[in-house]
Amino acid sequence: MQAGSARRVSIFGATGSIGQNTIDLIARDPDAYEVVALSGGANIARLAEDARRLRADVAVTAFPERLHDLRAALAGSGVEAAAGPAALIEAGARPADWVMSAIVGAAGLAPGLAALEQGATLALANKETLVCAGPLVLETARRHGARLLPVDSEHSAVFQALVGEDMAAVERIVITASGGAFRDWPLERLAGATAQEAAQHPNWDMGQRITIDSASMFNKALEVIETREFFGIDPERIEVIVHPESMVHALVGFRDGALMAHLGAPDMRHAIGYALHWPERRDLPVARLDLAALGQLNFRAPDDARYPALRLARRVMARGGLSGAVFNAAKERALDHFIAGRIGFLDMAHLVEVVLDRFESDPGLIDAPMTLDTVTQTDHLARQRVDAALAKRAG
């Protein structure tokens, strides 16, 4: 990119909370950016409005059956409309300088890989990319001279705390967790918790699925695996601590006993803005912390009985291979069933463990070479096995 020219950017998952916050920052300085691609799901009106406003080259909906609606909403704008998984990959392959990966779930992997293959900087808000295929993603970035930047608030915090530091001096990484909607509920109430209750986050404004994952701590389980992949640190040196205020996003401990903490208001524009402007720091429209008004910060160890997902994440890291793809797919499918009211809140972790057990009994599957095809096949099979385990229990 030549000095003074507009940066070419794409945003995958543009209609979600991360995507909308990214658009908010870009729209504040529109002349600095040329928007290549925006993608979204079923919110066609929002996708089309943003594509028109930002003069995107192409807008893609994940749902092929909504292509007609998207074309109608974009009529006369000059913005190309496309739909479906193949269109997402094609959009990811379009030349861009910076790509936001914020599609929820394993669906974000393929367009993210396509962006890396054309050498883009990939701002990674999609946890599942590294959980499902960390070695594949990192090797793809290395081979094509691309760069990965973290956008999860925890991993961005770690990344920032490590600036100028030697990873050899890092003793531990501590990522914080709000504890979600049920952090203060008695354990005996959890079995009867509803999806509506789980989707009420005390601190963050996020989508339904990630908010429920926060309540179950499956999101933190994914982040533990992601921390291992992103920073190459041994699993036993990754810690999780419950921090109800969500002001400290992560801490890095060094061999001299020092802890470097990253603090900020619970606003995703911190991490998005850091990745968007990296390696510079620029002004961001976020609240400044008033520590005197805040008064105190609280921390407590996570309860294994309340959050079994954390134990399962450590099992996945110990097993390796395609177990991350199994874990994520089983989690996503179990969440589908919980949202639909077919299972209880605690049943999600049980189903994931059942599916992990079954895959681990067949090393030929879990130790297959890691490619996009094998990750995709494993993802599909794990979802089928969740359904089969649920049907067996019901029968």
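Everything here concerns the structure above.
Each chain carries its own residue numbering, running from 1 in the written order of its sequence. A pLDDT threshold of at least 70 governs which residues receive local features in this predicted model, and a stricter bar of 80 or more applies before side-chain atom pairs are shown or counted, although totals over entire chains, interfaces and linings include all residues. Side-chain numbers come from the whole structure's heavy atoms, not from hydrogens or water.

A. Structural context of the pairing of strand β5 (residues 98-101). Exposure is judged per residue with a 1.4 Å probe applied to protein chains only, and the accessible area is read against the type maximum: over 50% gives exposed, under 20% gives buried, and values in between give partly exposed. In this text, helices come from DSSP runs of H or I with a minimum length of four residues, and strands from runs of E with a minimum of two, each type numbered from the N-terminal end. Of the two faces of β5, the one holding Trp98 and Met100 and the one holding Val99 and Ser101 are both buried throughout. In this scheme, strands are said to pair when DSSP sees at least two bridges between them. In this sheet, β5 lies alongside strand β1 (residues 7-12) in parallel orientation, the contact comprising four bridges. Bridge pairing in β5 links Ile11 to Met100. Pairing of β5 with strand β6 (residues 121-124) involves four bridges; the strand directions are parallel. By the bridge assignment for β6, Val99 is matched with Leu122. Crossovers are described as right-handed under a simple rule: with the strands pointing away from the observer, the path leading from the first strand over the helix to the second runs clockwise. What joins β5 to β6 is helix α5 (residues 109-117), and the crossover it makes is right-handed.

B. Representation of the packing of aromatic side chains in the model. Under the pairing criterion, centres of Phe, Tyr and Trp rings, with the six-membered ring standing for Trp, must be within 6.5 Å; the plane angle then separates stacked pairs below 30 degrees from edge-to-face pairs above 60, leaving the rest tilted. For the coordinates displayed, the defined rule picks out seven aromatic pairs. Taken together, a centroid distance of 5.1 Å and an interplanar angle of 40 degrees make the contact between Phe230 and Phe231 tilted. A single burial state applies to Phe230 and to Phe231, both of which are buried. Every member of this aromatic cluster is reached through a ring pair, and the members are Phe182, Trp185, Phe338 and Phe345. It is Arg189 that lies over the ring of Trp185; its NZ or CZ is 3.6 Å from the centre. Put simply, a charge is over a ring when the Lys NZ or the Arg CZ is close to the ring centre, within 6 Å, and near the line of the ring normal, within 35 degrees. The cationic tip of Arg385 hangs over the ring face of Phe359; the distance from NZ or CZ to the ring centre is 4.6 Å.

C. Broad picture of the sheet that holds strand β7 (residues 147-150). Reading across the sheet, the seven strands line up as β4-β3-β2-β1-β5-β6-β7 and stay open at both edges, with parallel pairing between neighbours. The outermost strands of the open sheet, each flanked by one partner alone, are β4 (80-83) and β7. Mean inter-strand twist for the sheet, computed between neighbouring axes without regard to direction, equals 20 degrees. When checking whether two residues touch, look at their non-hydrogen atoms; a contact exists if any pair is within 4.5 Å. Orientation is described by axes fitted as lines to C-alpha atoms, over the contacting stretch for helices, and by angles from 0 to 180 degrees between their N-to-C directions. Each of β1, β2 (33-40) and β5 is contacted by helix α1 (residues 17-27), which is oriented at about 155 degrees to β1, the strand it contacts most.

D. Structural context of the pattern of salt bridges. In what follows, salt bridge is the name for a side-chain nitrogen of Lys or Arg lying within 4 Å of a carboxyl oxygen of Asp or Glu. Applying the stated criterion to the full structure yields 32 salt bridges. For Arg46, the salt bridge is made with Asp50, and the minimal N-O distance between the two is 3.7 Å. Residue Arg46 and its partner Asp50 are located together in helix α2 (residues 44-54), separated by four residues, close to a single helical turn. You can call Arg46 partly exposed: its relative accessible area is 28%. Exposure remark for Asp50: the relative accessible area of 1% places this residue in the buried category. Taken together, the shared-partner salt bridges connect Lys127, Asp152, Glu154, Lys220 and Glu223 into one network.

E. Helix α4 (residues 85-92), seen in detail. Regarding α4, the residues found buried are Ala87, Leu88, Ala91 and Gly92. Projection of α4 onto a plane perpendicular to its axis shows the buried side chains occupying an angular sector of 140 degrees, all on one side. Exposed side chains of α4 directed beyond 90 degrees from the buried face belong to Pro85 and Ala86. Buried residues belonging to α4 abut β1, β2, β3 (58-61), β4 and α5. Here, the arc refers to the directions that run from the helix axis to the C-beta atoms.

F. Summary view of the layout of surface pockets. Here the term cavity refers to a set of points on a 1 Å grid, laid over the protein atoms alone, in which a 1.4 Å probe fits but cannot get out; the term pocket refers to an open set having protein on both sides within 12 Å along at least five of seven lines, with lining residues being those that place an atom within 4 Å of a point. Grid points are joined across faces, edges and corners, and a volume is the space filled by probe spheres set on the points. Taken as a whole, the second largest pocket spans an internal volume of roughly 230 Å³. Around the second largest pocket sit 13 residues that line it, and Gln160, His270, Arg281, Arg282 and Leu284 are the ones nearest its centre. Residue assignment for the lining of the second largest pocket shows that the elements contributing at least two residues are β11 (259-263) and α11 (269-277). Broken down by element, the residue count for the lining of the second largest pocket peaks at four residues, all from α11. Classes in brief: Ala, Val, Leu, Ile, Met, Phe, Trp, Tyr, Cys and Pro nonpolar; Asp, Glu, Lys and Arg charged; the others, Gly included, polar. Its residues assigned to classes, the lining of the second largest pocket comprises four nonpolar, five polar and four charged.

G. Spotlight on the side chain of Ser156. Within the secondary structure, Ser156 sits in helix α7 (residues 153-161). Its relative accessible area of 2% is what places Ser156 among the buried residues.

H. Quick peek at the nonpolar core. Definition of nonpolar core: a set of buried residues of the types Ala, Val, Leu, Ile, Met, Phe, Trp, Tyr and Cys, connected through side-chain atoms within 4.5 Å. Among the nonpolar cores identified, the biggest contains 93 residues, and Val137, Phe182, Phe327, Phe338, Phe345, Met348 and Val352 are the most heavily contacted of them. By residue number, the principal contributor to this core is helix α14 (residues 323-339), which donates eight residues. Apart from the residues within four sequence positions on either side, Val137 is in contact with Leu109, Leu113, Leu116, Thr129, Leu130 and Leu148. If you look at the next biggest cluster of nonpolar residues, it comprises 36 residues, including Ile18, Ile44, Ala56 and Leu276.

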